[in-house]
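# Report on the structure
Listed below are the residues making up each chain.
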Amino acid sequence: MEKTSGWRGSRAIWIDAAYHALLEQGIDGVKVMPLADRLKLSRTSFYGHFSDRNELLGALITLWQSKNTGNLIERSEAYAETINEAVFNVFDLWLMPDLFDSRLEFAVRNWAHVDTVLARQLEEADKIRVDALQVMFERYGFDTLYANIRANTVYQTQIGYISMMKDRPSEPFLPRLERMPNYAEIFSGQHVTEAECSRFLARHSAGHQSVSANPV
């Protein structure tokens, strides 16, 4: 879009540009002048919205915390009649980028290797997320030890998956979706019923060819 003279952009477009630079180039790519060039704006326009680069980086961290940690807590607390349905609510995160941004998660974890403050924030986020999952399991009658182990298993499995997928082609959606009832059964230790499976698959298979409602 052609910019009018003197247009200084907005805080949101600077954050969006920084977000994409972080995903594409890592934290070293999030610098004011390259972002200004990307947006075809002046360096001065940046300082109309941020006091310095650190404030912009803080906005990226806030975005990550709000989207990934905030939504994980929300999904762990969502209504479910059974533990399997509760696990499926959490699985929505791994299938819906609007709920949990796996690429941002990967980028932030890489960034934390060179930023000790962020590393502490990441450690705290991991604890908050596992605690939320543990509470979810406890709500369905699991004692503290088993709830903690199952919560860590769910969480570490997905974080490991995110880490391993960076240098692989994207896994086809349907095969991944079809395996999720099996994962739910492993994580909960309880048989996934046809009704539980059908409801989960139905909300994710729209727009894709039909998938089996029976765990394989």
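Residues numbered from 1 in each chain as written. Predicted model: local features only at pLDDT ≥ 70, side-chain atom pairs only at ≥ 80, totals over all residues. Heavy atoms only, no water.

### Remarks on the packing of helix 4 (residues 53-76) against helix 7 (residues 116-139)
Under the convention used in this document: Whenever a helix is involved, its axis is fitted only over the stretch in contact; in every case the axis is a line through C-alpha atoms, and angles between N-to-C directions fall within 0 to 180 degrees. For the purposes of this entry, the term helix denotes a DSSP run of H or I that reaches at least four residues, the term strand denotes a run of E that reaches at least two, and both are numbered from the N terminus. By the definition adopted for this analysis, an angle is roughly parallel if under 35 degrees, roughly antiparallel if over 145, roughly perpendicular if from 65 to 115, and oblique otherwise. Whether two residues are in contact is decided by their heavy atoms, any of which lying within 4.5 Å being enough.
It is at 9 Å that the axes of helix 4 and helix 7 come closest, and there the two elements cross at 10°. One finds that helix 4 runs roughly parallel with respect to helix 7. Together, Ile-61, Trp-64, Gln-65, Asn-68, Thr-69, Leu-72, Ile-73 and Ser-76 of helix 4 and Leu-118, Gln-121, Leu-122, Ala-125, Ile-128, Arg-129, Ala-132, Leu-133, Met-136 and Arg-139 of helix 7 make up the contact between the two elements.

### Examining the layout of surface pockets
Once rolled over the atoms, a probe with the size of a water molecule shows which space is left empty. Selection criterion: Cavity means a closed set of points on a 1 Å grid over the protein atoms alone, one where a 1.4 Å probe fits but cannot get out, pocket means an open set with protein on both sides within 12 Å along at least 5 of 7 lines, and lining means a residue has an atom within 4 Å of a point. Grid points are joined across faces, edges and corners, and a volume is the space filled by probe spheres set on the points. Residues are grouped as follows: Ala, Val, Leu, Ile, Met, Phe, Trp, Tyr, Cys and Pro are nonpolar; Asp, Glu, Lys and Arg are charged; all remaining types, including Gly, are polar.
Roughly 190 Å³ of internal volume is contained in the second largest pocket. What lines the second largest pocket is simply Phe-91, Trp-94, Val-154, Thr-157, Gln-158, Tyr-161, Glu-171, Arg-176, Arg-179, Met-180, Tyr-183 and Phe-187. Of all the secondary-structure elements, those providing two or more residues to the lining of the second largest pocket are helix 5 (83-95), helix 8 (144-164) and helix 9 (173-188). The greatest single-element share of the lining of the second largest pocket, amounting to five residues, is contributed by helix 9. For the lining of the second largest pocket, the per-class residue count stands at seven nonpolar, two polar and three charged.

### Brief notes about the packing of aromatic side chains
What counts, and what does not: Here the aromatic set is Phe, Tyr and Trp, taking the six-membered ring for Trp, and pairing holds for ring centres within 6.5 Å; pairs whose planes are under 30 degrees apart are stacked, those over 60 apart are edge-to-face, and all others are tilted. Burial classification: accessible surface area is computed with a 1.4 Å probe over protein chains only, and a residue below 20% of its type maximum counts as buried, one above 50% as exposed, and the rest as partly exposed.
Under the definition given, this model contains 10 aromatic pairs. Note on Trp-14 and Phe-46: the rings are 5.2 Å apart at their centroids and 75° apart in plane angle, and the pair reads as edge-to-face. Of this pair, Trp-14 sits in helix 1 (residues 11-25) while Phe-46 sits in helix 3 (residues 43-46); the two residues are 32 residues apart in sequence, bridging distant segments of the chain. As far as the burial class goes, Trp-14 and Phe-46 line up, both buried. Ring centres of Phe-91 and Phe-200 lie 6.4 Å apart, and the angle between their planes is 65°; on these two criteria the pair is classed as edge-to-face. Residue Phe-91 is found in helix 5, and its partner Phe-200 is found in helix 10 (residues 194-204); the two are separated by 109 residues along the sequence. Under the relative-accessibility criterion, Phe-91 is labelled buried at 2%.

### Quick word on the environment of Thr-157
For the record, the criterion: Whenever two N or O atoms come within 3.5 Å, that pair is a polar contact, provided that in protein one can donate a hydrogen and the other can accept it, and provided that, for residues adjacent in sequence, both atoms are side-chain atoms.
Checked against the element boundaries, Thr-157 lands in helix 8. For Thr-157, a relative accessible area of 36% gives the class partly exposed. With 26 residues separating them along the chain, Thr-157 and Tyr-183 place their C-alpha atoms 10.0 Å apart. Aside from chain neighbours lying at most four places away, what touches Thr-157 is Asn-152 and Phe-187. In this structure the side chain of Thr-157 is engaged in a polar contact, spanning 2.6 Å, whose partner is the backbone oxygen of Thr-153.

### Description of helix 7
Which entries qualify depends on this criterion: Helix span is expected to be 1.5 Å times the residue number reduced by one.
Under the 1.5 Å per step criterion, the end-to-end length of helix 7 is 35 Å for 24 residues, consistent within 8% with the ideal 34 Å. All buried positions along helix 7 are accounted for by Leu-118, Leu-122, Ala-125, Asp-126, Arg-129, Val-130, Ala-132, Leu-133, Gln-134, Met-136 and Phe-137. Buried residues along helix 7 sit against helix 4, helix 5, helix 6 (102-112), helix 8 and helix 9. Structurally, the start of helix 7 carries an N-cap: the backbone nitrogen of Val-117 is 3.1 Å from a side-chain oxygen of Asp-115. Where helix 7 ends, the next residue or the one after it, Gly-141, has phi of about 95°, a positive value.

### Quick word on the confidence of the model for the protein chain
Stated formally: A residue's pLDDT is the confidence the predictor assigns to it, expressed on a 0 to 100 scale.
Confidence in the prediction of the protein chain, expressed as mean pLDDT, is 90, and 89% of residues score 70 or more. Low pLDDT, under 50, characterises residues 1-5; the predicted model gives this stretch one contact beyond four residues in sequence or across chains. Confidence over residues 209-216 falls short of pLDDT 50; this stretch has 19 contacts with residues more than four positions distant or in other chains.

### What to know about the packing of helix 4 against helix 6
To be explicit about the condition: In this scheme the crossing of two helices becomes right-handed for a clockwise turn of the near helix relative to the far one and left-handed for an anticlockwise turn of less than a right angle.
It is at 11 Å that the axes of helix 4 and helix 6 come closest, and there the two elements cross at 130°. The orientation of helix 4 with respect to helix 6, classified from their angle, is oblique. The crossing of helix 4 and helix 6 is left-handed. Every residue of helix 6 that contacts helix 4 at Leu-57, Leu-60, Ile-61, Leu-63, Trp-64 and Asn-68 is listed here: Leu-104, Glu-105, Val-108 and Trp-111. When grouped by side-chain class, the residues that make up the contact of helix 4 with helix 6 number eight nonpolar, one polar and one charged.

### A word on a nonpolar patch on the surface
Note the following rule: Patch members must show over 30% relative accessible area and no salt bridge, and they are joined within 9 Å when carrying like charges or within 5 Å when they are nonpolar side chains of Val, Leu, Ile, Met, Phe, Trp or Tyr. Here, Shrake-Rupley sampling with a 1.4 Å probe gives the accessible areas, and only protein chains in the shown set may cover a residue. Think of a salt bridge as a Lys or Arg side-chain nitrogen and an Asp or Glu carboxyl oxygen that are within 4 Å of each other.
There is a patch of nonpolar side chains on the surface, built from Leu-145, Tyr-146 and Ile-149 and spanning about 320 Å² of accessible area. Among the structural elements, Tyr-146 can be located in helix 8.

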